[in-house]
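Geometric and topological summary
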Amino acid sequence: MTSPLPGQPGFVVPAPQDRPRFERRAVRVLLQDEDERLLLILDSDLGLDPVAHWWSTPGGGVDPGEADVEAAVRELAEETGLVVAAGDVDGPLLERMVLHGFSDKVVDQTEVFFRVRVPAFEVDTTGHTEEERLTVADIRWWGLDALEATGDEVWPADLRALVELADDPSRWADAPVRAPGVDESSLPVDPLI
């Protein structure tokens with residue numbers, strides 16, 4: 001049995017064993033500023049005690065009939081307030097299967113990574129969903145050295161390799177690089193990947 005979290009009406013976090021599982025296609029965006037920093041979002045799993053946290057790139061599910069690059073543009077606007085054109089988006093750089101078990105669901109996800117270079121800007125979260133308003137704990141620009149030195153969980157773990165890939169278009173000009181499947185979960189999940 002699940003119930004809304006205290007002080008958070010309407011957002012129900014199922015017990016880990018009761019979380020629904022589904023498949024989806026998603027996009028992730030390396031949002032990089034003029035100082036080579038990446039914008040990352042600190043997300044959380046409110047159904048665990050203690051609450052689990054991890055940093056990740058902006059992005060989310062691809063809607064039916066939506067092209068990957070369109071989803072990347074839409075997700076950036078919704079999650080950061082940044083409006084870009086499809087022509088501002090580099091990639092697709094990399095595609096991978098990832099298992100995400102967190103918050104209120106378990107997702108077997110095909111992820112496609114893109115990069116957008118922009119001057120640093122003030123993030124606008126007015127486009128966040130109700131769930132994002134509850135689970136997003138912070139949004140911050142990170143240097144790669146700081147990311148590698150942090151003890152915080154970061155997904156994907158090797159962002160430096162992704163930035164190096166983005167910097168070498170010859171590696172992804174014809175097709176995104178295929179990466180092995182990975183588990184990025186705040187709780188143990190039986191893998192399908």
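Parameters and conventions
Residues numbered from 1 in each chain as written. Predicted model: local features only at pLDDT ≥ 70, side-chain atom pairs only at ≥ 80, totals over all residues. Heavy atoms only, no water. Helix = DSSP H or I, 4+ residues; strand = E, 2+ residues; numbered from the N terminus. Buried < 20%, exposed > 50% of the residue type's maximum accessible area, 1.4 Å probe, protein only. Contact = heavy atoms within 4.5 Å. pLDDT = per-residue confidence, 0-100. Core = buried A, V, L, I, M, F, W, Y, C linked by side-chain atoms within 4.5 Å. Polar contact = N/O pair within 3.5 Å; in protein donor to acceptor, adjacent residues only side chain to side chain. Phe/Tyr/Trp six-rings, centres within 6.5 Å; stacked < 30°, edge-to-face > 60°. Salt bridge = Lys/Arg side-chain N within 4 Å of Asp/Glu carboxyl O.

When its secondary structure is counted, the chain shows 4 helices and 10 strands. In the chain, the order of α-helices and β-strands from amino to carboxyl end is β-β-β-β-α-β-β-α-β-α-β-α-β-β. Out of the 193 residues in the chain, the part that is buried amounts to 48%. Summarising the internal contacts of the chain: among those between residues at least 6 apart in sequence, 69% fall at separations of at least 24.

Turning next to the confidence of the model for the chain. Here the chain shows a mean pLDDT of 88. Residues at 70 or above account for 85%. Within the model, pLDDT remains below 50 along residues 1–9, and this stretch shows 16 contacts once partners closer than five positions in the same chain are excluded.

Glancing now at the environment of Thr57. Inspection of the secondary structure assignment puts Thr57 in the loop between strand S3 (52–56) and strand S4 (59–61). Given a relative accessible area of 2%, Thr57 falls into the buried group. Residues Thr57 and Leu159 lie 102 residues apart in sequence; the distance between their C-alpha atoms is 9.4 Å. Ignoring any residue separated from it by four or fewer positions in sequence, one finds Thr57 in contact with Arg28, Val29, Leu30, Leu39, Leu40, Phe113, Trp155, Pro156 and Leu159.

All right, on to the nonpolar core then. Formed by 20 residues in total, the largest nonpolar core has its most connected members in Leu31, Leu76, Leu82, Val84, Val116, Val118 and Phe121. Counting residues per element, the ones that place at least two in this core are strand S1 (21–32), strand S2 (38–45), helix H1 (68–80), strand S6 (105–117) and strand S7 (138–142). Ranked by residues supplied to this core, first place goes to H1 with 4 residues. When residues no more than four places from it in sequence are discounted, the contact partners of Phe121 are Leu31, Leu39, Thr80, Leu82 and Trp141. Residues Leu42, Leu94, Leu147 and Leu165 belong to the second largest nonpolar core, which totals 18 residues.

The subject of this paragraph is the side chain of Asp68. With respect to the helices and strands, the residue Asp68 is situated in helix H1. Among the polar contacts listed, one links the side chain of Asp68 to the side chain of Arg25, at a separation of 2.8 Å.

Here we come to the packing of aromatic side chains. Under the counting rule described, the total for this entry stands at 3 aromatic pairs. Here the aromatic rings of Trp54 and Trp155 are separated by 4.6 Å at their centres, their planes lie at 20°, and the arrangement is stacked. Residue Trp54 is located in strand S3, and its partner Trp155 is located in strand S8 (residues 154–155); the two are separated by 101 residues in the primary sequence. Note on accessibility: Trp54 and Trp155 belong to one class, buried.

The next subject is unusual backbone geometry. Leave glycine aside and you will find that most residues have negative phi; peptide bonds, for their part, are mostly trans. Looking along the chain, the bond that leaves Gly91 and enters Pro92 is cis, with omega of 20°. Summarising the element assignment, Pro92 is placed in strand S5 (residues 90–102). A positive phi angle, close to 70°, is found at Glu36, a residue other than glycine. Inspection of the secondary structure puts Glu36 in the loop between S1 and S2.

Let's shift gears to the environment of Arg96. Position of Arg96 among the secondary structure elements: in strand S5. In this structure Arg96 comes out as buried when scored by relative accessible area, which is 8%. Considered as a pair, Arg96 and Val177 are 81 residues apart in the sequence and their alpha carbons are 8.5 Å apart. When neighbours within four sequence positions are excluded, Arg96 is seen to be in contact with Gln109, Thr110, Glu111, Phe113, Pro156, Ala179, Pro180, Val182 and Glu184.

Looking now at the pattern of salt bridges. This model, assessed by the stated rule, comprises 18 salt bridges. When the shortest N-O distance is used, the salt bridge between Glu66 and Arg74 registers 2.8 Å. The exposure classification of Glu66 matches that of Arg74, with both residues buried. Connected through salt bridges with shared partners, the residues Glu36, Asp90, Arg115, Arg117 and Asp167 form a single ionic network.

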